[in-house]
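Examination of the molecular architecture
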Amino acid sequence: MSHIFVKKVISEVKKYAGQEWWYNFRTIPTLIDEKQVETFSKSLSLKYSEITKKWDDDKNSEWIARVFLSAKMILSASVMLESLEYAERKNLRAVIPNLEYYSILSAIRAVVFVSPLIEWQNGKIIIQTHKKSINVVSDWLSNLDKDLAERFKKYILHSKAYRELISYRAPSSGDSFGKSTEFDVIELCQLLVELAQLHSEVLERSIHKHVKGTYNFKEEYITQVCHSKIDGNSFRDDEDAYRLDYLRRKYPLPTNIQHILSEGHVEDFFGSWCAKEETDDDIFDPDDNWYIIFDVTL
């Protein structure tokens, strides 16, 4: 029995915005009107139904890969936010703009990977530009709250500019320039990853409604996730290959983000950023706060 079956057995369903959800949303309800969430979810369901009504092995493989990638972006954002907090405590100010921006960008990409509006394009979604990713999520937010979307876009573009200023211009004034305080970075990332989870649950609901029979998880999609080529350099992530092969054997159907994450995967992901040797008690430890923006385990 896979960890996904176990999670579905022990999870408690929550009622919110006119529907039942696996995840206990914490930030969406505080920033977005519940009626807007209900309307948005229904609209999203119609978009997913256009996909799930024409299900085949390729769509099955694509959406397992996309939910998996989204889950990894949430883990990545979590590690970077923990690193950000550590950098702030240690006065590592030169890296703070990068950590802030890329934390948000990872959370943005978590939404992009599960968006029904962005096509897979033989894996090109994985290397989608920052600009397009920001625009996609800004457009999605505008369907929920136009003012929130405008504030978000202004904030993320300022964060991007501030990161480029420090990294590329090396100002003699250091980081003395005013930083935007429109959002708390952790709260913003929480909002985005919960939006990704919401997408994945609506997708899963549509699959259960429209998809019948069994489908394969094709090897070529596993390769697209695990094998990266960057400027002529090739990288293969054997850990990702192992996790995806597990899904292929044990649960070859897309599920929601929280359920696709096994406790072993979460532990290994954070553990991969632990120090090789612990030299003192104040060394950075990514295991300190797995749940900084998302309930990665039940």
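Keep in mind that what you see is a predicted model, and the values were worked out from it rather than measured.

Description of the overall build of the protein chain
From N to C terminus, the protein chain includes twelve helices and four strands. Computed over its C-alpha atoms, the radius of gyration of the protein chain comes to 19 Å, within 12% of the 19 Å expected for a compact globule of 298 residues. Along the first, second and third principal axes, the C-alpha set of the protein chain runs to 65 × 45 × 40 Å. Here the protein chain holds 298 residues, and the buried ones make up 50% of them. Within the protein chain, contacts between residues at least 6 apart in sequence are counted, and of these 75% link residues at least 24 apart. Approximately 14,900 Å² of the protein chain is accessible, and the part contributed by carbon and sulfur atoms is 48%. The centroid of the 39 positive side-chain charges in the protein chain is displaced by 8 Å from the centroid of its 47 negative side-chain charges.

Here we look at the packing of helix 4 (residues 57-89) against helix 5 (residues 96-113)
Between helix 4 and helix 5, whose axes approach to 8 Å, the crossing angle comes to 160°. As far as their axial angle goes, helix 5 and helix 4 are roughly antiparallel. In this structure, the crossing between helix 4 and helix 5 has a hand that is left-handed. Here the residues of the contact of helix 4 with helix 5 sort into 16 nonpolar, five polar and four charged.

Topic: unusual backbone geometry
The backbone of N122 shows a phi angle near 55°, a positive value even though the residue is not glycine. Judged by its relative accessible area of 59%, N122 falls in the exposed class. Although it is not a glycine, A170 adopts a positive phi angle of roughly 45°. On the basis of relative accessibility, which here comes to 57%, the residue A170 falls in the exposed class.

Section: the environment of E119
Along the chain, E119 falls in the loop between helix 5 and helix 6 (130-144). Sequence separation of E119 and E62 is 57 residues, and the distance between their C-alpha atoms is 9.8 Å. With residues up to four places along the chain from it excluded, the contact list for E119 reads R66 and I125.

Quick notes on empty space enclosed by the protein
Inspection of the entire model under this criterion finds one cavity of 30 Å³ or more. Surrounding the largest cavity, P97, E100, Y155, H158, S159, Y162, R163, K179 and S180 form its lining. Counting only elements with at least two residues in the lining of the largest cavity, the list comes to helix 5 and helix 7 (146-169). When residues of the lining of the largest cavity are assigned to their parent elements, the largest contribution, five residues, is made by helix 7. Of the residues belonging to the lining of the largest cavity, the class tally is three nonpolar, three polar and three charged.

Conventions used here
Residues numbered from 1 in each chain as written. Predicted model: local features only at pLDDT ≥ 70, side-chain atom pairs only at ≥ 80, totals over all residues. Heavy atoms only, no water. Helix = DSSP H or I, 4+ residues; strand = E, 2+ residues; numbered from the N terminus. Rg over C-alpha atoms; globule rule 2.2 N^0.38 Å. Buried < 20%, exposed > 50% of the residue type's maximum accessible area, 1.4 Å probe, protein only. Contact = heavy atoms within 4.5 Å. Areas by Shrake-Rupley, 256 points an atom, 1.4 Å probe, with all protein chains shown as cover. Lys, Arg positive; Asp, Glu negative; His and termini not counted. Charge placed at Lys NZ, Arg CZ, Asp CG, Glu CD. Axes fitted to C-alpha atoms, helices over the stretch in contact; angles between N-to-C directions. Parallel < 35°, antiparallel > 145°, perpendicular 65-115°, else oblique. Left-handed = near helix turned anticlockwise from the far one by under 90°. Nonpolar A, V, L, I, M, F, W, Y, C, P; charged D, E, K, R; others polar. 1 Å grid on protein atoms, 1.4 Å probe; cavity = no way out; pocket = protein on both sides within 12 Å on 5 of 7 lines; lining within 4 Å. Points joined across faces, edges and corners; volume = space filled by probe spheres on them.

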